[in-house]
Structures are given as C-alpha cells and as structure tokens.
Amino acid sequence: MKKTKTSYLLRGTPSVLLVLGAGFVMASSADIRAALGMGAAVLLSMLLSSIVVSALHKVIPAYAKMPAYLLIITGFVSLISMLMQAWFPLVVDMLGVHLATLAVSAVVYRDAEEVADHNGEATSIKTALVTGIFFTVVMVACALIREVLGNATIWGQPIAFLEDYKISALAGAFGGYLVLAIVMAVINKLTGLHHHIEEKEDNC
Amino acid sequence: MKLVKTLSILLVIVIIFGSAMFALDLYTGPIIDANNAGAANDRLNAAMPGGTGYEDITATLSDLPASVTEVYRETSGLGYVIISSGTTDYSTLPLVVAVGVDLEGKICGVNIDSYGDAAGNNWNTKLTQDYLATYIGQDSTLADVTLIAGVTYSSTAFKNAVADAMGVLIANDMIAAGVKSDLQILTELVPTVAPGFVKPAEVTASGNIQLALKAENGAGFAYVMGEGDASFLAVVNATGACKIYDVEGTDVTAAHEALATEAKAHASANQTDYLAALTTKIGRVMADATDITALELDTFSSIVSAVSFKVGDATYYGFYSRSYGFHQMDVFVIIDENGAIAKLDATQFIFEKEYFMGFGGMNETEYKNGFVGITSDTWTGEEAIIATATMTSNAVKQSTTDAFAAFDSVKGGEA
C-alpha cells in the first residue's frame, strides 16, 4: 500500500482509531488540568522525538533503532517531566506515575517508528502535531465530562448545584473507559475516519 | 562490530541526554526544591492563612497531652499551628486536625489534616466547611461551637482536639485563656454531674430558668437558673430527684430549695413516664411479681425508672436504663436483695438480629444468662463486651454499671 500523507495523518489519531493511548486517557482525564498537562507532555515528547528520529534515522543502523529510539523518547520525556515539575507541580501530582510511563508509551514509540523513521522532518513534524493535538482534544473532552459530571467541579472549582447529582463512578477507572468509549464512538461517527482508513487499505 | 556500533550509538545518546538533564537541573532543581518545601507547608498553611514559614517548637513545650503531636510557630509572627488528634467511639481511626491560633488567642484557621473514617461518617464537603467556619474567631472557651447532628461522635472528637490544641498554648503561656461565662461553665458541668444525660437539647422554660436542657434519652433535665446575681445548675433525674450546683461545681442543694422546687416542677410536667414500661417488663420476666413500688434515686445516670418488688418472700429491684450505643437502647436489669443480677434484658440487643447471630455461635439467651449472678463486686464490665459490636455492648455495660450504682444508692438509703 502506498503510504500517503493523508493516511499518515489519519493514522495519527491512536486514541480514536487504535486505542493505544486509552490507558493514558483514562488515567489523566479525571481533571481538565491533568488532561491538558498530559496532552502537552505527549505532544512535546512526540514532536521532539520525531524531529530527532527523522534526522537520525538514516544514521542509526536497523538493528540499533529500537533501543536508540526508546532512549531518545525517554530522554525527552525526562526533560519534559523536569520542566513540568518546576512549572506545574500541581499537574505533576495529579498525573502521578503516568507521566513517567509516557517514556514507554506505544503512542509515542509508534509515531517514531512508523512515521519519523520513514519520512523527513516536515512530515514527521506534521504527523506528530496532528496526533498530539487530537490526543489532547480527546483527553480534554473526556476530562470535561468526567470532572463536571463525576466530581461536580470544573478546573478544580466546585459547581454547587451539581454537588448532589454527581456520578462518582465517572471519576474512577470504570468511568474513564466508559467516557472514552463514548467519545471515540462520537468522533468516529462524526468524522467517518474508520471508514476512510478501511477504504484506503482496500485500495492498496 | 554490530554490537560495538550499537553500544556506541546508545552511549552517545545517553551522554547527550544526560548532559541536557544535568544542565536543565541547574535551572529547575532550585524551583522543584522550593515547590517541595511549599508542599510540606501546605497542611500548616491550611490552618494559618498568610503563613510563610514554620518553626517546629514541639520539643520545647511542656504539658503536652498525647493528642497534641506537633506545634509550630509561624516565623513571620502570625501565631501558632498545632496538630492535634482525637478518636471517637465510632471508629478507632484518629481524626487529625490542624489548628491555627493567632497571638491574641483566637482561632484563625482549622483544617482536617486526616480522618480515616471520613467516607463513612457523613463529612461531605459543604457540611465540613460550614462546620469548620464556626471555629474561626473563637477563643479557648469555644463558646459558640456546636456539634453536628448525624456526626456527633466525630464533631465531638474534633472539638476536643481543638480544645487540647488551645490548652497546650495556654499551659505554656503562649496565649491567654478565654473567659467563660457562667452559662457556659454551668452547661459544661452537665456531663460531669449527670453523666447519664445523653445529648441534652434546649427546651423552652420560664421563670428563673435561663436555659433548660432535656436529655435525649429521657434521663432527666438540666437547668441553668438565676438567683440574684448568681447562676446555678439544677439537674433533675427521671425519678424526680434534684441537685443544685454552683459555678465551682459544689453541691449547694440544701441552700437553694426554691430553685430545686421550680426545677422539679418543670421536670415533672415534661418528664416522660417510664414506670409503666418497667412494670410491664417485670411482669414478663419475673413470674408472680407483686408489690411493685416506684423508687426515687439520687443517681443521675441512664436509669430512667426504678422499682422494688417481691416474688414470694424475696425482694428484688428493677432498673430501666436508656443508654446510648449505636442507637438508643432500652436495657432492663433486675437485681436481687443480695445485689446479684437476677435478670437482664433489652428491647433489642443489636440493631440487626442477623448481625448479632453472626458472632461465633453466641446467641442472645447465652449473652443474657452470662450476667446472672454477677454482683457489683464481681462486675468488671468485660462480661458485656462483644468485640465487633463495641458501641452496642458498651451501652449494655454502661446500663449494668448504672444499675449497680442505683442499687447501691437504694440500699444505702434503706440502711
């Protein structure tokens, strides 16, 4: 199959199409601030590692690519984590261990291996940006639902009239996956993305 | 060769990123350290608005009760923050509070540092915040602080924890003690002179009665009464006996007959009659009971009614106690003329029969029979306790202890 730019962009929405990032979405979308923080971390780590991987992919031999790319991703995640601890300690507290596990995330590694490893910097940057932004949008959408309906707060501020009606289950893991599934179904329906992928694959 | 090349590439990556992290740490390290230090102070800042830094002075203080674990001085001169804990009969998990006190001895902030049982005790956010707000501006008297209905045990523990915290500062001459009004002093005397009065609540009264309190369990009434410029506390138990106390806690009944008469009149008009219930119970558990005679007790416990009666030539004494366990309990204790328990019964021992039957094969009949023959000399209280039903069995223990005390007072009066 010819890998077109469009398919790369469409393939760069793992939370919607491939559910690779479902764990991060569930863990980080209980609060809008945490969702934005994790989304920013994913976007930055994806962008920076894509740039470096696409710049070095011809230099690094095939047998060394996997450990090298993992080290690059881990390095950038560590640097981003240090910056977030300094500037956004509250968000880091909310994210807990999930920020550190971004280093071994399939979302970021997949982007490095499948896109950056086979393309130039321009395509890699575009794909990373699209993937990261869509990932962030999905997380924020889930966080909005979970925080408002599950916690009766928004941006940490209480919503008094919802206090008696909040659905606590939405704030937990079960609620996180439930909301993600609903959001994914809505996005798929609105954009028809999964049909586009199937058509492209059929035409290969 | 491949291995060497691979390792070389990885080494270069590690060196580059390691150097980058080292360099970045020079910038972010101090910021992260400052953030961590600030986070450590968050629990103290929650009780001391505007606080910037704190000095731990716990080791320099004397007369620290076990409930007070940490004392800090706010370094810019705002006051003190005390970490104090309390426990309740409801849970063994401590309620830990942070209390901020300014240099004038007024509470400037309170916060629940931790409470292991919060989820099960109705401490919802708004209720908690509203309750905590009642402490702000209070001095050590805590005169205007009340308890929260529905979480009485927890709010009592909270108030006690705050009182202990204030007490430490007063004992070490760090703040001046608040001055309690006579009304407050006398009201706080009620649990001491009438320990059986459960959850006294205000009722309407007139005349010399400034404040009338009725025990929720029907054990009696407490009145703050005025005579001239002085105030006194009158307590009337359910059998009609009355005692008068002054602000020092001294029994001055003999010198204030008029107050006692007025107090008894109000109590008599408003007291629930428990004699009928006790008589009915005696008729059920003691065959051929005759000559049932009501007794007046001079104890102010959970006993709401007392009688003597005969079975043949033997004399018995029956006591009806309304102590408070998980719920209000009605316990009946019958003691023979030698002071040994002849019968013990309750309207319902445990609030759910299924819960009671689950205790290692113990059944209700066995539990009750375990009390028969016990006297006040052999009574330790442990005979009543069921390990996993502490609150309810403590109520039975209290009822039995009160029955023995009432019996002793009756026999002492007969002597």
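Residues numbered from 1 in each chain as written. Chains lettered and ligands numbered in written order. Predicted model: local features only at pLDDT ≥ 70, side-chain atom pairs only at ≥ 80, totals over all residues. Heavy atoms only, no water.

**Student:** Residue-level account of the pattern of salt bridges, with values.
**Tutor:** All names here are of chain A. Applying the stated criterion to the full structure yields 11 salt bridges over all chains. Between Lys 65 and Asp 117 there is a salt bridge, with its nearest N and O atoms 3.1 Å apart. You can see Lys 65 sitting in helix α5 (residues 65-87) and its partner Asp 117 sitting in the loop between α7 (106-116) and α8 (121-151), a full 52 residues away along the chain. Pair check on accessibility: Lys 65 and Asp 117 agree, each one buried. Arg 110 serves as the salt-bridge partner of Glu 114, at 3.9 Å between the closest nitrogen and oxygen. (Salt bridge = Lys/Arg side-chain N within 4 Å of Asp/Glu carboxyl O. Helix = DSSP H or I, 4+ residues; strand = E, 2+ residues; numbered from the N terminus. Buried < 20%, exposed > 50% of the residue type's maximum accessible area, 1.4 Å probe, protein only.)

**Student:** Now, about the packing of α7 of chain A against α8 of chain A: what can you tell me, with residues and values included?
**Tutor:** All names here are of chain A. Contact geometry for α7 and α8: axes closest at 10 Å, N-to-C directions at 155°. By the angle between their directions, the pair α7 and α8 is classed as roughly antiparallel. Handedness of the α7/α8 crossing: right-handed. Here Val 107, Asp 111, Val 115 and Ala 116 of α7 come into contact with α8, specifically with Ser 124, Thr 127, Ala 128, Thr 131 and Phe 135. For the contact of α7 with α8, the residue count by class is five nonpolar, three polar and one charged. (Axes fitted to C-alpha atoms, helices over the stretch in contact; angles between N-to-C directions. Parallel < 35°, antiparallel > 145°, perpendicular 65-115°, else oblique. Left-handed = near helix turned anticlockwise from the far one by under 90°. Contact = heavy atoms within 4.5 Å. Nonpolar A, V, L, I, M, F, W, Y, C, P; charged D, E, K, R; others polar.)

**Student:** Could you give an account of the side chain of Ser 302 of chain B, with specific residues and numbers?
**Tutor:** Residues and elements named next belong to chain B. Its place among the elements puts Ser 302 in the loop between β11 (290-294) and β12 (303-311). On the basis of relative accessibility, which here comes to 2%, the residue Ser 302 falls in the buried class. Of note is the side chain of Ser 302, whose polar atom sits 2.5 Å from the side chain of Asp 402. Ser 302 has contacts with Gly 196, Asn 217, Ala 219, Tyr 320, Ser 321, Arg 322, Ser 323, Ser 399 and Asp 402, leaving out every residue within four places of it along the chain. (Polar contact = N/O pair within 3.5 Å; in protein donor to acceptor, adjacent residues only side chain to side chain.)

**Student:** Which residues make up the sheet that holds strand β7 (residues 209-214) of chain B, and what values do they have?
**Tutor:** Residues and elements named next belong to chain B. In spatial order, the strands read β6-β7-β8-β9-β10; together these five strands make up an open sheet with antiparallel pairing. Either end of the sheet is taken by a strand with one partner, and the two such strands are β6 (201-203) and β10 (242-245). Between one strand axis and the next, the sheet turns by 25° as a mean value, whatever way the strands run. With three bridges joining them, β6 and β7 adopt antiparallel strand pairing. Residue Val 203 lies in a different strand from β7, and its bridge partner there is Ala 212. Packed on one face of the sheet, helix α4 (residues 182-193) meets β7, β8 (220-227), β9 (230-237) and β10 and runs near 25° to β9. Packing of helix α5 (residues 257-270) onto the sheet brings it into contact with β6, β7, β8, β9 and β10, and relative to β8 it is tilted by some 145°. (Pairing = 2+ DSSP bridges.)

**Student:** Outline the interface of chain A and chain B, listing residues and values.
**Tutor:** It is common to give the size of an interface as the accessible area that goes away when the parts come together. Counting residues at the interface gives 18 residues for chain A, matched by 17 residues for chain B. Around 1600 Å² of area is buried between chain A and chain B when both sides are counted, 82% of it from carbon and sulfur atoms. Our count for the contact surface shared by chain A and chain B stands at zero salt bridges. The tally of links from chain A across to chain B stands at three residue pairs in polar contact (both at pLDDT 80 or more). Among the residues forming the side of chain A that touches chain B, the class breakdown is 15 nonpolar, three polar and no charged. (Buried area = accessible area lost by both parts, 1.4 Å probe.)

**Student:** Give a detailed account of the environment of Gly 21 of chain A, specifying residues and quantitative values.
**Tutor:** Tracing the sequence through the fold places Gly 21 of chain A in the loop between α2 (14-17) and α3 (22-28). Along the chain, Gly 21 of chain A and Val 108 of chain A lie 87 residues apart, while their C-alpha atoms are 9.2 Å from each other.

**Student:** Break down the confidence of the model for chain A for me, with residues and values.
**Tutor:** All names here are of chain A. Overall, the predicted model of chain A reaches an average pLDDT of 81, with 84% of residues at or above 70. Between the elements of chain A, mean pLDDT differs from a low of 50, seen in helix α1 (residues 5-11), to a high of 92, seen in α5. Predicted confidence for residues 1-6 stays below pLDDT 50, and this span has six contacts to residues more than four positions away or in other chains. (pLDDT = per-residue confidence, 0-100.)

**Student:** So, the packing of helix α4 (residues 32-56) of chain A against α8 of chain A: which residues are in play, and what are the values?
**Tutor:** Axes are the key here: two packed helices are described by the angle between their axes and the distance separating the axes. Residue and element names in this part refer to chain A. Two elements in contact, α4 and α8, have axes whose closest approach is 8 Å; the angle formed by their N-to-C orientations is 170°. One element, α4, and the other, α8, form an angle in the roughly antiparallel class. Both α4 and α8 take part in a crossing whose hand is right-handed. Within the contact of α4 with α8, the residues separate by chemical class into 20 nonpolar, seven polar and two charged.

**Student:** Go over the sheet that holds strand β13 (residues 314-321) of chain B with me, naming the residues and quoting the values.
**Tutor:** Residues and elements named next belong to chain B. In space, the five strands of this open sheet follow the order β11-β12-β13-β14-β15, with antiparallel pairing throughout. Both outer strands of the open sheet, β11 and β15 (341-346), are each paired with one neighbouring strand and no more. Here the strands of the sheet are splayed against their neighbours by 20° on average, with no regard to which way each runs. For β12 and β13, the ladder comprises eight bridges, and the chain directions are antiparallel. Paired with Ser 305 across the bridge in β13 is Tyr 320. In the packing of helix α6 (residues 275-285) onto the sheet, contacts are made with β11, β12, β13, β14 (331-336) and β15, and the angle to β12 comes to roughly 40°.

**Student:** Before we move on, can you summarise the packing of aromatic side chains with the specific residues and values?
**Tutor:** All names here are of chain B. Summed over the entire model, instances satisfying the criterion amount to 13 aromatic pairs over all chains. For the pair Tyr 135 and Phe 158, a centre-to-centre distance of 5.1 Å together with 65° between the ring planes defines the contact as edge-to-face. Here Tyr 135, found in the loop between α2 (125-133) and α3 (152-171), pairs with Phe 158, found in helix α3; they are 23 residues apart in sequence, far enough to count as distant. By relative accessible area, which is 0% here, Phe 158 ends up buried. (Phe/Tyr/Trp six-rings, centres within 6.5 Å; stacked < 30°, edge-to-face > 60°.)

**Student:** Account for the pairing of β13 of chain B, naming residues and giving values.
**Tutor:** Residues and elements named next belong to chain B. Burial analysis of β13 places seven of its eight residues in the buried class, which makes it a mostly covered element. Two successive antiparallel strands, β12 and β13, enclose a turn made up of two residues, where Gly 312 displays a positive phi of approximately 70°. Relative to β14, β13 runs antiparallel, the two sharing six bridges. Bridge pairing links Phe 319 to Val 333 in β14.

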